[in-house]
Structure formats: structure tokens, C-alpha cells
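Examination of the molecular architecture
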Amino acid sequence: MAARRLFGATRTWAGWRARELPDAATPGTLLVRDYAKKPVIKGGKGGKSSVVSEDLKDPEVCTDPVRLTTHAMGVNIYKEGQDVALKPDAEYPEWLFQMNVGPPKKLEELDPETREYWRLLRKHNIWRHNRLSKNQKF
């Protein structure tokens, strides 16, 4: 019963038909609106894109060796502003210089008594199981 009132449909012998929209001044009525109009692009070729995009530029390449050794180039995420100046090594934590920035270690290179070994072993077993189960039929 509530669905009939909400959607404004009644059952007739000919089938479903929509009721006329009620007057907006009466309380308890349902108002129906259409979608917003699409924005109009002036000067465009009439393609499917409706958003005007800015021309993207590559960042400027710095060739100054002094600036390259004293600043972190390309770290600034803002459009405006300067690059971050590097601090002395004593102000950074020790673990930062112990990080492995090279290629990842293989399973044979790790010690079996470490957590990294068992995590990598589990990852390899999951990859192996996924490869084997890919060809199975249900």
C-alpha cells in the first residue's frame, strides 16, 4: 500500500500507469526532478569530454650540483613553494640508513630464523597455490 503511494502507480485492467504528479503546494506530496544539465564547453570540438583540462608540463630539470646535494628535488607536492632542504645525517633516525633500497632478497639469502624469511615463504606458497589452482575446473 505504501509502495503505491510512494511510486504513484495504480493497477488497472490495461496494465500499470503512472498517476499525474500532485500539486507541490499540498503537504505530503512527492516531488520529482530531472538530472542537471551537462556543462557546455565553449571553443571545443564537441567531443565526448565535458571537462576542460589544463596543459600538463614536465617539471623543470635542475642541473645545479650544489642544489642537488642540499635539497630533495621533486619532493614538494604543492604547485607553489620550494623544495625541501636536506638536514644533516645526525637528525635522521638510524633505521633510515639501514633500509634495503636494492632489489629484494631471495629466499635462499634469508636466515630461516627471521620473520622476513617466513613471510616470503608464505608469499611464495600463495603464489604457487594460485598458479596451480588457476587451471582447475570446478
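Residues numbered from 1 in each chain as written. Predicted model: local features only at pLDDT ≥ 70, side-chain atom pairs only at ≥ 80, totals over all residues. Heavy atoms only, no water.

Section: the overall build of the protein chain
- When helices and strands are tallied, the protein chain shows three helices and four strands.
- Along the protein chain, from the amino end to the carboxyl end, the secondary structure elements read α-β-β-α-β-β-α.
- Per-residue burial for the protein chain yields a buried fraction of 7% across its 138 residues.
- Long-range contacts, defined here as pairs at least 24 residues apart, represent 4% of the contacts in the protein chain between residues at least 6 apart.
- If you sum the accessible surface of the protein chain, you get close to 14900 Å²; carbon and sulfur atoms cover 56% of it. (Helix = DSSP H or I, 4+ residues; strand = E, 2+ residues; numbered from the N terminus. Buried < 20%, exposed > 50% of the residue type's maximum accessible area, 1.4 Å probe, protein only. Contact = heavy atoms within 4.5 Å. Areas by Shrake-Rupley, 256 points an atom, 1.4 Å probe, with all protein chains shown as cover.)

Regarding the packing of aromatic side chains
- Summed over the entire model, instances satisfying the criterion amount to one aromatic pair.
- Arranged with centres 5.2 Å apart and planes meeting at 90 degrees, the rings of Tyr 117 and Trp 118 form a pair that is edge-to-face.
- Using a relative accessible area of 15% as the deciding quantity, one classes Tyr 117 as buried. (Phe/Tyr/Trp six-rings, centres within 6.5 Å; stacked < 30°, edge-to-face > 60°.)

Describing the side chain of His 71
- Mapped onto the secondary structure, His 71 falls in strand E3 (residues 71–72).
- Excluding anything up to four places from it in sequence, His 71 contacts Asp 83, Val 84, Ala 85 and Leu 86.

Observations regarding the pattern of salt bridges
- Scanning the model with the defined rule gives one salt bridge in all.
- Residues Arg 67 and Asp 83 are paired through a salt bridge, measuring 3.9 Å at the closest nitrogen-oxygen approach. With Arg 67 in helix H2 (residues 65–70) and Asp 83 in the loop between E3 and strand E4 (84–85), this pair connects stretches of sequence that are 16 residues apart.
- A residue is classified by how much of its surface remains accessible, and Arg 67, at 25% relative accessible area, is partly exposed.
- On the accessibility criterion, Asp 83 (21% relative accessible area) is partly exposed. (Salt bridge = Lys/Arg side-chain N within 4 Å of Asp/Glu carboxyl O.)

Here's the deal with the confidence of the model for the protein chain
- Confidence along the protein chain averages 78 in pLDDT terms, with 65% of residues attaining 70 or more.
- Within the protein chain, the lowest mean pLDDT, 49, falls on strand E1 (residues 9–12), and the highest, 95, falls on helix H3 (residues 115–134). (pLDDT = per-residue confidence, 0-100.)

Quick look at a nonpolar patch on the surface
- A contiguous nonpolar patch, built from Trp 95, Leu 96, Phe 97, Met 99 and Val 101 and spanning about 580 Å² of accessible area, is present on the exposed surface.
- Locating Phe 97 in the fold gives a position in the loop between E4 and H3. (Patch = residues over 30% accessible without salt bridge, like charges linked within 9 Å, V, L, I, M, F, W, Y side chains within 5 Å.)

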